[in-house]
Amino acid sequence: EEHRAKEQAKERREQRKHRDAFSAFLDDLHRSGRLHSMSLWCNLYPTFSEDPRYEAMLGQPGSTPLDLFKFYVDDLKVRLPDEKKIIKEIMKEAGFNVDISSTFDEFKLLVQRDPRSENLDKGNIRMTFNGLMEKAEAREKEAMKSEERKLRRRETAFKAMLKMASPPLDNLSAWDRCRSQFEKEEAFNDVTEEAERARIFREHVSSLAPTKEESDGESKKHKRKSSGHHRSSKKHTRKHRNRSPSPSVDSSLSEGEYRDARSKDKDKHRRKRSRSYSGTDSESEREAKRRRHKKEKKSKKRRHHSPSSGSESDHHRRKSRKDDRGGSRGRSREDRSSKKDKFPGVES
């Protein structure tokens, strides 16, 4: 048992030596700048796998090479706040400020020229630069927004100056002719670019109401267009009125013949529609033929009772009625004369 305990203690010492050797390997990589607080295991694995200190740790219990690597990187990240203070002191003494045009190379050269940068982690230097660059970009965005607000205020003041112009502007005013009356105004001088002044002037003038002469011309054009449209509509209505009731029907036909012709026209239209739907006779077409045959029979019957024949029969009826009235009147006269003869003293 004592021998076994000695063997185990010896084995633990060997494992500790392997870990210490791998930690020293990490220190060498850090001093060379290959390992820093932003390093990743996957990027450095080819370097680890070729070193015997890495192979010596494989298979032994306890912390693995990956565990030691993570612990080492975390310790470097913990040093970031203190190292950032050192870097800012170096920048302040050198009078250097990071802006959006600054590069990491010039920032790193500035920091590394100071002797205090010997123990600084390269990853922390990079992270410090990234943080300062983000702040510079935020300042630039805020400055752009502030400049935009100033430009809007200047534009508003320039438009107010145009509104107060004397004589007042209209939609036909030109910047070249009106520029001289605004040159002494403060709002004019605040807008430094001439192209910007002309743009604001054009926008303001285009928003103004048209002059009286221009509005009168527009109203005249509108009246001419409306009168032309009215005349064309009248011509269309006259043409429509002059059209005949039907191209196949003559106006000299009698009422019965007119109805017959109209029914034939309707039948023609029905036949055309039925042909467009199908080329063969269907049950509905046969039913339509039967209806047309019935209508033709009715129209023939109406022809026999046309207005001319009706007028002749009316003439005969009136004549017979006159004859009947004349006969009755003659008979009444004869009766009265016979009564006088029989009773000479009695008057009717």
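Attention here is on the structure that accompanies the text. (Residues numbered from 1 in each chain as written. Predicted model: local features only at pLDDT ≥ 70, side-chain atom pairs only at ≥ 80, totals over all residues. Heavy atoms only, no water.)

## Observations concerning the overall build of the protein chain
So, step 1. When you go through the protein chain residue by residue, the secondary structure sums to 14 helices and zero strands.
So, step 2. Each helix and strand of the protein chain, placed in order from N terminus to C terminus, yields the pattern α-α-α-α-α-α-α-α-α-α-α-α-α-α.
So, step 3. Residue burial in the protein chain is summarised as follows: out of 348 residues, 22% are buried.
So, step 4. Taking the contacts inside the protein chain whose residues are at least 6 apart along the sequence as the reference set, 62% of them involve residues at least 24 apart.
So, step 5. For the protein chain, the accessible surface area stands at approximately 26900 Å², while carbon and sulfur atoms represent 50% of it. (Helix = DSSP H or I, 4+ residues; strand = E, 2+ residues; numbered from the N terminus. Buried < 20%, exposed > 50% of the residue type's maximum accessible area, 1.4 Å probe, protein only. Contact = heavy atoms within 4.5 Å. Areas by Shrake-Rupley, 256 points an atom, 1.4 Å probe, with all protein chains shown as cover.)

## With respect to the nonpolar core
So, step 1. Of all hydrophobic cores here, the largest spans 15 residues; its most connected members are Phe158, Met161, Leu162, Leu169, Trp175, Phe182 and Phe201.
So, step 2. Looking at this core, the elements that each hand over two or more residues are helix 7 (122-163), helix 8 (175-178), helix 9 (186-190) and helix 10 (194-206).
So, step 3. The leading source of residues in this core is helix 10, at four residues.
So, step 4. Excluding residues that lie within four positions of it along the chain, Leu169 makes contacts with Leu162, Cys178, Phe182, Phe201, His204 and Leu208. (Core = buried A, V, L, I, M, F, W, Y, C linked by side-chain atoms within 4.5 Å.)

## Remarks on the pattern of salt bridges
So, step 1. Within this structure, the stated rule accounts for 16 salt bridges.
So, step 2. Put simply, Arg149 and Glu142 hold a salt bridge, and the shortest N to O gap is 3.6 Å.
So, step 3. Under the relative-accessibility criterion, Glu142 is labelled partly exposed at 45%.
So, step 4. Between Lys159 and Glu155 there is a salt bridge whose closest N-O contact spans 3.7 Å. Highlighted residues: Lys159 and Glu155, both in helix 7, separated by four residues, approximately one helical turn.
So, step 5. According to the relative accessible area criterion, Lys159 is partly exposed, its value standing at 28%.
So, step 6. Residues joined by salt bridges that share partners form a network here, namely Glu155, Lys159, Glu196, Arg199 and Glu203. (Salt bridge = Lys/Arg side-chain N within 4 Å of Asp/Glu carboxyl O.)

## Some words on the packing of helix 6 (residues 104-112) against helix 7
The geometry of a pair of packed helices is captured by two quantities: the angle between their axes and the separation between those axes.
So, step 1. Taken N-terminus to C-terminus, the directions of helix 6 and helix 7 make an angle of 125°; their axes are 11 Å apart at the nearest point. Relative to helix 7, the element helix 6 is oriented oblique. Relative to helix 7, the crossing made by helix 6 is right-handed. Across the interface between the two elements, Phe104, Phe107, Val111 and Gln112 of helix 6 pack against Lys122, Ile125, Arg126, Thr128, Phe129 and Leu132 of helix 7.
So, step 2. In terms of residue class, the contact of helix 6 with helix 7 is made up of six nonpolar, two polar and two charged. (Axes fitted to C-alpha atoms, helices over the stretch in contact; angles between N-to-C directions. Parallel < 35°, antiparallel > 145°, perpendicular 65-115°, else oblique. Left-handed = near helix turned anticlockwise from the far one by under 90°. Nonpolar A, V, L, I, M, F, W, Y, C, P; charged D, E, K, R; others polar.)

## Details of the side chain of Arg197
So, step 1. Relative to the helices and strands, Arg197 resides in helix 10.
So, step 2. A distance of 2.9 Å separates the side chain of Arg197 from the side chain of Glu194, its partner in a polar contact.
So, step 3. Beyond its immediate chain neighbours, meaning those up to four positions away, Arg197 contacts Phe158, Trp175, Arg179, Phe188, Asn189, Val191 and Thr192. (Polar contact = N/O pair within 3.5 Å; in protein donor to acceptor, adjacent residues only side chain to side chain.)

## Examining the packing of helix 2 (residues 41-49) against helix 4 (residues 65-78)
So, step 1. At their nearest, the axes of helix 2 and helix 4 sit 12 Å apart, and the two run at 125° to each other. Overall, the two elements helix 2 and helix 4 adopt an arrangement that is oblique. You can see that helix 2 and helix 4 cross each other, and the crossing is right-handed. Every residue of helix 4 that contacts helix 2 at Trp41, Leu44 and Phe48 is listed here: Pro65, Leu66 and Phe69.
So, step 2. Considered class by class, the residues forming the contact of helix 2 with helix 4 number six nonpolar, no polar and no charged.

## Regarding helix 7
So, step 1. Between its first and last C-alpha atoms helix 7 spans 62 Å; for 42 residues at 1.5 Å apiece the expected length is 62 Å, and the two agree.
So, step 2. Residues Gly123, Asn124, Ile125, Thr128, Phe129, Leu132, Met133, Ala136, Glu155, Phe158, Met161 and Leu162 constitute the buried set of helix 7.
So, step 3. At its buried positions, helix 7 is contacted by helix 4, helix 5 (80-94), helix 6, helix 8, helix 9 and helix 10. (Expected span 1.5 Å × (residues − 1).)

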